[in-house]
Protein chains: 2
Amino acid sequence: MELNEIYAPIREDLARVKAELASIGDIDLPWLSGKWGYLVKGSGKGMRPTLTLLAGKFYNYDMAYLLPMAVSVELMHTSTLVHDDAIDNSEMRRGYPTVNSIWGDDVAILLGDYLFAKAAEYVADTQSPRAIKLFSQTLGIISSGEINQFFAAFNMEQTRDDYIKRISGKTASLFSLATESGALLSEAPQEAVSALKAYGYNLGIAFQIVDDILDFTSTEEELGKPIGSDLAQGTLTLPAMLILERYPEANPVRKYLETRDEEHLAPAIERARQEDIVNECYRVATDYCQQACRNLDTLPEGETRQIFRELADYVVRRKE
Amino acid sequence: MELNEIYAPIREDLARVKAELASIGDIDLPWLSGKWGYLVKGSGKGMRPTLTLLAGKFYNYDMAYLLPMAVSVELMHTSTLVHDDAIDNSEMRRGYPTVNSIWGDDVAILLGDYLFAKAAEYVADTQSPRAIKLFSQTLGIISSGEINQFFAAFNMEQTRDDYIKRISGKTASLFSLATESGALLSEAPQEAVSALKAYGYNLGIAFQIVDDILDFTSTEEELGKPIGSDLAQGTLTLPAMLILERYPEANPVRKYLETRDEEHLAPAIERARQEDIVNECYRVATDYCQQACRNLDTLPEGETRQIFRELADYVVRRKE
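Trainee: Describe the overall build of chain A, with residues and values.
Mentor: Along the backbone of chain A there are 17 helices and two strands. The C-alpha atoms of chain A give a radius of gyration of 19 Å, which matches the 20 Å a tight globule of 320 residues would have. Once the C-alpha set of chain A is aligned to its principal axes, its extents read approximately 55 × 50 × 30 Å. Counting the 320 residues in chain A, one finds 53% classified as buried. Long-range contacts, defined as pairs at least 24 residues apart, comprise 72% of the intrachain contacts of chain A with a sequence gap of at least 6.

Structure (structure tokens):
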């Protein structure tokens, strides 16, 4: 199944979410409006709001609550990207210049804060104390995860568990917020809420592993930013970790991390693109996707459950 | 009345708020704990949580709701300071080195985000949809206010209204959140909620004007940072604006703003310290405090109302 088929059941509602996101920039940030599009409209897949909407499909689907939640989830995601790009000094994202590269870090800090605030306003509109609490806890998990990642840069003592913990904070927490809140706001029974939360978590881990693979195997054109940029920043992702794990002696990744010398970066990236590493990373990602699919077993059978399976399948197949 | 007398009715509960704030840093941010103190414990007056607690004294005072709200208000304040200091490249705050000066801007961004998240978690604990909504709206007002301030730097076309609008976003919005939420969470009738919100707003404007005066008239030792630092950043506050308004021809403030040359900064600061300017600024601040006191007229008479009057009086008298 291709992504546009997976999205079919919520296509119109996702368009409403995107229209709402687009309107925020137009009204409140006139100075930004010309560039607002890439922050939200060009945001490719809209994976997180899609998860919220789809998760709402199992029980009482009600856009009065799901719309603000889906908008909130995407705004929180966008705000963390704006801050991340400032921290990483990233020049490009999704093929567009980043906020920090256009207006500097100061504006990126303020704009990220503003987007947080808007995300908090939308989640308040769900009027669900549990969804609001989950939202704030997730924000706390993401930001403490980012702090840990920052202090772990260039540290070769990290284990694979450290990596999973880090991406669980950085990505899986928001995926599981997306699915759990969709379930909550459609009055799903507690068992279904837990199942969808677990699905979101496992899908998020798989999604991030694939992102981390693509960061090496893709092209600059497809990525919309230079390849190997995580490693360049000293952030160890699964491909680089596997190289360190399997070849503890001299290896190009270690060489780059030890010297931080740009001339050692290209050979390290080249090594991470090789088949043995890539295949093993995809195997790990596939394991998480299979786990995500098992999480669906207790949910009502039907189209929505099938769509969630297809989505898990898509996540490991995707090329961007 | 001195500050410790004003605080008397809520002294023990304010200590609980501060203990809660202190515990956050100890548990979640061990790497920061040694420096956490100045962020929260050393935070001088605790004016904002005090306002929340005092506002709760008119009706059903219940720490089950007021405690998380007061903690949330102070955390939101702290998070904006951490980001502001990074944006302004401030080295010192309250006599301590800033987060950005110790760990750099990246950690300041992440820590500010983490504090936002914690603030959002605490406000969720109030379980009041209205308080939660107010909280997020206030965050939006503060951050869009900061964005406006950023783009207004070194712009001499600003009017006094622009200044009031700016400090209303930056400071008064949080003061009025503090009082309004305290009223809401103690089940005050709507009229009292509105009165306390207006009081908070006017007090906040006065408080910020006095801050902006002290930024010129105080000493580096008392301020805990260099004097005239706003002007140095190109931020026009009331004293500088009055000089531009009253002496539109050549004047030292204009000279500094036009040249951005450090040698013109000291004469501009000196001019802002002179009596004519300082007295006029205090007159404006006093007007707002009197308005704040009038806002109290519809509230129940008694000790709490008197304390609020004394607080307004203190705000224009304070030297730090």
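Trainee: Pulling in residues and values, what's your account of unusual backbone geometry?
Mentor: Residue and element names in this part refer to chain B. Positive phi outside glycine occurs at N89, with the angle close to 55 degrees. You can see N89 is positioned in the loop between α5 (63–87) and β1 (92–93). Overall, the presence of 12 C-beta atoms within 10 Å leaves N89 in the exposed class. Phi is positive for Q127, which is not a glycine, with a value near 55 degrees. Relative to the helices and strands, Q127 is located in the loop between α7 (105–124) and α8 (129–152). Note on Q127: 15 C-beta atoms within 10 Å, which makes it partly exposed.

Trainee: How would you summarise the nonpolar core if you had to cite specific residues and measurements?
Mentor: Ranked by internal contacts, the top residues of the largest apolar core, which has 202 residues, are V123, L203 and A206 of chain A together with V123, L203 and A206 of chain B. In this view, V123 of chain B contacts P68, M69, S72, A131, I132 and F135 of chain B; residues no more than four positions away in its chain are not counted.

Trainee: Run through the interface of chain B and chain A, naming residues and quoting values.
Mentor: Contacts between chain B and chain A engage 32 residues on the former and 32 residues on the latter. Those elements that place two or more of their residues in the side of chain B that touches chain A are α5, α7 and α8 of chain B. Of the residues belonging to the side of chain B that touches chain A, the class tally is 17 nonpolar, seven polar and eight charged.

Trainee: Tell me about the relation of the copies chain B and chain A, and please be specific about residues and values.
Mentor: Of the two same-sequence chains, chain B is brought onto chain A (RMSD 0.0 Å, axial shift 0.0 Å) by a rotation of 180 degrees. Here the copies are linked by what is in effect a two-fold axis. Looking at the rotation axis and the C-alpha trace of chain B, the residue lying nearest is I109 of chain B, at 3.4 Å. Looking at chain B, 100% of its interface residues are interface residues in chain A too, so the copies touch through the same face.

Trainee: I'd love a proper account of helix α5 (residues 63–88) of chain A, names of residues and values included.
Mentor: All names here are of chain A. For α5, with 26 residues, the first-to-last C-alpha span of 36 Å sits near the 38 Å given by 1.5 Å per residue. Most of α5 sits out of view: 24 of its 26 residues are buried. Backbone geometry just downstream of α5 places N89 in the positive-phi region, at approximately 55 degrees.

Trainee: Quick one: what's the story with the environment of Y201 of chain A, residue by residue and with numbers?
Mentor: Residues and elements named next belong to chain A. For Y201, the position within the fold is in helix α10 (residues 190–217). When the 23 C-beta atoms within 10 Å are taken as the criterion, Y201 is described as buried. With residues near it in sequence (within four places) discarded, Y201 still touches A172, F175 and S176.

Trainee: Outline helix α4 (residues 47–55) of chain A, listing residues and values.
Mentor: The periodicity of an α-helix, 3.6 residues per turn, causes residues three or four positions apart to be oriented the same way. Burial runs high along α4 of chain A: nine of the nine residues are buried. Listed in full, the buried residues belonging to α4 of chain A are M47, R48, P49, T50, L51, T52, L53, L54 and A55 of chain A.

Trainee: Before we move on, can you summarise the environment of R294 of chain B with the specific residues and values?
Mentor: Secondary-structure assignment places R294 of chain B in helix α16 (residues 275–295). Note: C-alpha distance between R294 of chain B and R309 of chain B (15 residues apart in sequence) is 9.3 Å.

Trainee: Can you explain the packing of α10 of chain A against helix α16 (residues 275–295) of chain A? Please cite residues and give values.
Mentor: Residues and elements named next belong to chain A. In the contact formed by α10 and α16, the axes pass within 8 Å of each other and the chain directions differ by 165 degrees. By the angle between their directions, the pair α10 and α16 is classed as roughly antiparallel. The chirality of how α10 crosses α16 is left-handed. Contacts between α10 and α16 involve A195, A198, Y199, N202, L203, I205, A206, I209, V210, I213 and T217 from the first element and V278, C281, Y282, V284, A285, Y288, C289, Q291, A292 and N295 from the second. Class assignment for the residues of the contact of α10 with α16 results in 17 nonpolar, four polar and no charged.

Trainee: Pulling in residues and values, what's your account of the packing of helix α14 (residues 252–259) of chain A against helix α15 (residues 265–272) of chain A?
Mentor: All names here are of chain A. Where α14 meets α15, the axes come as close as 8 Å, and the angle between the chain directions of the two elements is 145 degrees. As for how α14 packs across α15, the hand of that crossing is left-handed. Residue-level contacts link P252, V253, K255 and Y256 of α14 to L265, P267, A268 and R271 of α15.

Trainee: Please set out the environment of Q149 of chain B residue by residue, giving values where relevant.
Mentor: Residues and elements named next belong to chain B. Here Q149 shows up in helix α8. With 23 C-beta atoms counted inside 10 Å, the residue Q149 sits in the buried group. Sequence separation of Q149 and G234 is 85 residues, and the distance between their C-alpha atoms is 9.7 Å. When near neighbours in sequence (up to four residues on either side) are disregarded, Q149 contacts R166, K170 and T235.

How each quantity is defined
In this convention, every chain numbers its residues from 1, walking through the sequence in written order. Going through the entries in the order they are written, you letter the chains from A and number the ligands from 1. For this predicted model, a pLDDT threshold of at least 70 governs which residues receive local features, and a threshold of 80 or more governs which side-chain atom pairs are given and counted, while totals over whole chains, interfaces and linings are taken from all residues. Helix and strand definitions here come from DSSP, where helices need a minimum of 4 consecutive H or I residues and strands a minimum of 2 consecutive E residues; each element is numbered from the N-terminal end. Only C-alpha atoms enter the radius of gyration; for comparison, a globular chain is expected to reach 2.2 Å times N to the power 0.38, where N is the number of residues. Counting other C-beta atoms within 10 Å of its own, a residue is labelled buried from 20 upward, exposed at 12 or fewer, and partly exposed in the gap between, with every C-beta atom placed from the backbone. Note on contacts: each residue gets a C-beta atom placed from the backbone, and two residues are in contact if those atoms are within 7 Å. The nonpolar core is taken to be a set of buried Ala, Val, Leu, Ile, Met, Phe, Trp, Tyr and Cys residues joined by way of C-beta atoms within 7 Å. Classification used: nonpolar for Ala, Val, Leu, Ile, Met, Phe, Trp, Tyr, Cys and Pro, charged for Asp, Glu, Lys and Arg, polar for all others including Gly. Least squares is the method for superposing the copies, and the C-alpha atoms it fits come from residues with pLDDT of at least 70 in both. The span one expects for a helix is its residue count, reduced by one, times 1.5 Å. Between N-to-C directions, angles span 0 to 180 degrees; the directions come from axes that are lines fitted to C-alpha atoms, helices contributing only their stretch in contact. Comment on the angle field: the value is read as roughly parallel under 35 degrees, roughly antiparallel over 145, roughly perpendicular from 65 to 115, and oblique elsewhere. Take the far helix as your reference; a near helix turned counterclockwise from it by less than a right angle gives a left-handed crossing, and one turned clockwise gives a right-handed crossing.

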